[in-house]
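Given next are the chains, with one letter for each unit.
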Amino acid sequence: MTELDKTRRYLRPVRATVISDNPDGVHLAVYEWLSAFDEWATGPGICGESMMQGPLPEGTEVTCSSCLEYQPKYERMLAPGYRPEDDDPGALRAKLDRIRTEVRMLCECCLDNRERMGRIRAELGLDTDGYLPEDGEDQ
(Lines give C-alpha, C1' and ligand atoms only; values in the text may rest on other atoms or scores of the structure.)
Protein backbone atom coordinates (compact mmCIF):
# COMPACT_ATOMS: atom_id res chain seq x y z
CA MET A 1 0.00 0.00 0.00
CA THR A 2 1.25 3.50 -0.77
CA GLU A 3 2.09 5.90 2.02
CA LEU A 4 -0.95 7.93 3.07
CA ASP A 5 -0.84 11.69 3.58
CA LYS A 6 -1.03 12.21 7.34
CA THR A 7 -2.69 15.61 6.89
CA ARG A 8 -5.72 14.09 5.13
CA ARG A 9 -8.60 11.88 6.22
CA TYR A 10 -9.83 8.88 4.23
CA LEU A 11 -12.88 6.62 4.08
CA ARG A 12 -12.11 2.98 4.80
CA PRO A 13 -14.21 -0.17 5.24
CA VAL A 14 -14.56 -1.27 8.87
CA ARG A 15 -16.26 -4.01 10.87
CA ALA A 16 -18.96 -3.10 13.40
CA THR A 17 -18.82 -3.96 17.10
CA VAL A 18 -21.13 -6.63 18.55
CA ILE A 19 -23.42 -3.91 19.96
CA SER A 20 -24.15 -2.61 16.46
CA ASP A 21 -27.53 -3.08 14.80
CA ASN A 22 -25.60 -4.73 11.97
CA PRO A 23 -22.58 -6.47 13.62
CA ASP A 24 -21.85 -8.66 10.58
CA GLY A 25 -21.97 -5.78 8.12
CA VAL A 26 -19.11 -3.88 6.57
CA HIS A 27 -19.37 -0.15 7.12
CA LEU A 28 -17.36 2.97 6.21
CA ALA A 29 -15.46 5.08 8.72
CA VAL A 30 -13.14 8.05 8.58
CA TYR A 31 -9.50 6.97 8.85
CA GLU A 32 -7.12 9.63 10.13
CA TRP A 33 -3.66 10.07 11.59
CA LEU A 34 -3.65 10.81 15.32
CA SER A 35 -0.35 12.54 16.02
CA ALA A 36 -0.87 12.33 19.79
CA PHE A 37 -0.73 8.52 19.52
CA ASP A 38 1.50 8.34 16.44
CA GLU A 39 -1.08 5.99 14.90
CA TRP A 40 -3.78 5.79 12.26
CA ALA A 41 -7.28 5.32 13.68
CA THR A 42 -10.84 4.82 12.49
CA GLY A 43 -13.86 6.51 14.00
CA PRO A 44 -17.48 5.38 14.19
CA GLY A 45 -19.21 4.31 11.01
CA ILE A 46 -20.48 7.21 8.94
CA CYS A 47 -23.93 5.70 9.56
CA GLY A 48 -23.40 6.38 13.29
CA GLU A 49 -22.79 2.78 14.39
CA SER A 50 -19.96 1.71 16.72
CA MET A 51 -17.03 0.15 14.87
CA MET A 52 -14.05 -2.05 15.65
CA GLN A 53 -10.76 -0.13 15.57
CA GLY A 54 -8.78 -0.34 12.35
CA PRO A 55 -9.75 -0.63 8.71
CA LEU A 56 -10.46 -3.79 6.79
CA PRO A 57 -8.35 -4.42 3.68
CA GLU A 58 -8.86 -1.81 0.98
CA GLY A 59 -11.41 -3.00 -1.57
CA THR A 60 -13.52 -4.88 0.98
CA GLU A 61 -17.15 -4.59 -0.12
CA VAL A 62 -19.24 -2.25 2.03
CA THR A 63 -22.65 -3.77 2.85
CA CYS A 64 -24.22 -1.05 5.03
CA SER A 65 -26.81 0.77 2.91
CA SER A 66 -26.71 3.84 5.18
CA CYS A 67 -22.93 4.15 4.82
CA LEU A 68 -23.24 3.77 1.04
CA GLU A 69 -25.90 6.50 1.02
CA TYR A 70 -23.62 8.91 2.94
CA GLN A 71 -20.47 7.95 1.00
CA PRO A 72 -20.69 10.58 -1.80
CA LYS A 73 -21.15 13.40 0.70
CA TYR A 74 -18.22 12.23 2.83
CA GLU A 75 -15.98 11.74 -0.20
CA ARG A 76 -16.73 15.30 -1.29
CA MET A 77 -16.09 16.64 2.22
CA LEU A 78 -12.79 14.73 2.57
CA ALA A 79 -11.47 15.74 -0.87
CA PRO A 80 -8.56 18.19 -0.98
CA GLY A 81 -9.77 21.74 -1.56
CA TYR A 82 -13.23 21.15 -0.08
CA ARG A 83 -14.80 24.30 1.38
CA PRO A 84 -17.72 23.93 3.83
CA GLU A 85 -19.50 26.89 2.22
CA ASP A 86 -19.84 24.75 -0.94
CA ASP A 87 -22.53 22.77 0.90
CA ASP A 88 -24.13 25.67 2.80
CA PRO A 89 -27.51 26.54 1.21
CA GLY A 90 -27.36 30.12 2.53
CA ALA A 91 -23.87 30.69 1.12
CA LEU A 92 -24.89 29.11 -2.20
CA ARG A 93 -28.01 31.34 -2.43
CA ALA A 94 -25.91 34.45 -1.70
CA LYS A 95 -23.39 33.39 -4.36
CA LEU A 96 -26.21 32.83 -6.88
CA ASP A 97 -27.71 36.27 -6.07
CA ARG A 98 -24.28 37.91 -6.59
CA ILE A 99 -23.82 36.13 -9.92
CA ARG A 100 -27.33 37.06 -11.09
CA THR A 101 -26.65 40.72 -10.25
CA GLU A 102 -23.36 40.65 -12.15
CA VAL A 103 -24.95 38.97 -15.19
CA ARG A 104 -27.77 41.54 -15.20
CA MET A 105 -25.20 44.37 -15.06
CA LEU A 106 -23.18 42.78 -17.87
CA CYS A 107 -26.30 42.38 -20.02
CA GLU A 108 -27.22 46.03 -19.50
CA CYS A 109 -23.65 47.06 -20.34
CA CYS A 110 -23.63 44.91 -23.48
CA LEU A 111 -26.97 46.34 -24.64
CA ASP A 112 -25.74 49.88 -24.03
CA ASN A 113 -22.48 49.17 -25.89
CA ARG A 114 -24.35 47.52 -28.79
CA GLU A 115 -26.56 50.60 -29.22
CA ARG A 116 -23.53 52.92 -28.90
CA MET A 117 -21.70 50.91 -31.58
CA GLY A 118 -24.80 51.13 -33.78
CA ARG A 119 -24.86 54.93 -33.50
CA ILE A 120 -21.14 55.15 -34.28
CA ARG A 121 -21.50 52.80 -37.25
CA ALA A 122 -24.47 54.86 -38.53
CA GLU A 123 -22.45 58.08 -38.28
CA LEU A 124 -19.64 56.41 -40.22
CA GLY A 125 -22.07 55.12 -42.83
CA LEU A 126 -21.41 51.46 -41.95
CA ASP A 127 -23.92 48.62 -41.73
CA THR A 128 -25.90 48.81 -38.44
CA ASP A 129 -27.70 45.42 -38.65
CA GLY A 130 -27.65 43.79 -35.24
CA TYR A 131 -26.57 46.97 -33.50
CA LEU A 132 -29.61 49.23 -33.49
CA PRO A 133 -33.05 47.97 -32.38
CA GLU A 134 -35.63 47.72 -35.14
CA ASP A 135 -38.91 49.66 -34.80
CA GLY A 136 -41.09 47.83 -32.27
CA GLU A 137 -38.25 45.60 -31.05
CA ASP A 138 -38.29 45.14 -27.26
CA GLN A 139 -35.15 46.17 -25.46
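Up top is the structure.
Note that this is a predicted model, so its numbers are computed, not measured.

Undergrad: Would you mind going over the packing of aromatic side chains with me for this structure?
TA: Considering all chains together, one arrives at three aromatic pairs under this definition. An angle of 55 degrees between the planes, with centres 6.1 Å apart, marks the rings of Tyr10 and Trp40 as tilted. With Tyr10 in strand β1 (residues 9-15) and Trp40 in strand β3 (residues 39-45), this pair connects stretches of sequence that are 30 residues apart. Here Tyr10 falls in the buried class, since its relative accessible area comes to 12%. Seen in terms of ring centroids, Trp33 and Trp40 are 5.6 Å apart; in terms of plane orientation they differ by 70 degrees. Their pairing is edge-to-face. Note on Trp33: relative accessible area 18%, which makes it buried. Ring pairing ties together the aromatic residues Tyr10, Tyr31, Trp33 and Trp40, which thus form one cluster. The cationic tip of Lys6 hangs over the ring face of Trp33; the distance from NZ or CZ to the ring centre is 3.9 Å.

Undergrad: I'm lost on the pattern of salt bridges in this one. Help?
TA: Where charged atoms from two side chains of opposite charge approach closely, those side chains can pair. Considering all chains together, one arrives at four salt bridges under this definition. The closest approach of N and O atoms between Glu85 and Arg83, which form a salt bridge, is 3.6 Å. By relative accessible area, Glu85 is classed as partly exposed at 38%. Its relative accessible area of 39% is what places Arg83 among the partly exposed residues. Connected through salt bridges with shared partners, the residues Arg83, Glu85 and Asp86 form a single ionic network.

Undergrad: Could you clarify how one ought to interpret the pairing of β1 in this entry?
TA: Successive residues of a regular strand alternate their side chains across the two faces of the sheet. Counting buried positions along β1 yields five of seven residues, so the element is predominantly enclosed. Where β1 lies against strand β2 (residues 26-34), seven bridges are found, and the strand directions are antiparallel. Residue Val14 lies in a different strand from β2, and its bridge partner there is His27.

About the cut-offs
- Residues numbered from 1 in each chain as written.
- Predicted model: local features only at pLDDT ≥ 70, side-chain atom pairs only at ≥ 80, totals over all residues.
- Heavy atoms only, no water.
- Phe/Tyr/Trp six-rings, centres within 6.5 Å; stacked < 30°, edge-to-face > 60°.
- Helix = DSSP H or I, 4+ residues; strand = E, 2+ residues; numbered from the N terminus.
- Buried < 20%, exposed > 50% of the residue type's maximum accessible area, 1.4 Å probe, protein only.
- Lys NZ or Arg CZ within 6 Å of the ring centre and 35° of its normal.
- Salt bridge = Lys/Arg side-chain N within 4 Å of Asp/Glu carboxyl O.
- Pairing = 2+ DSSP bridges.

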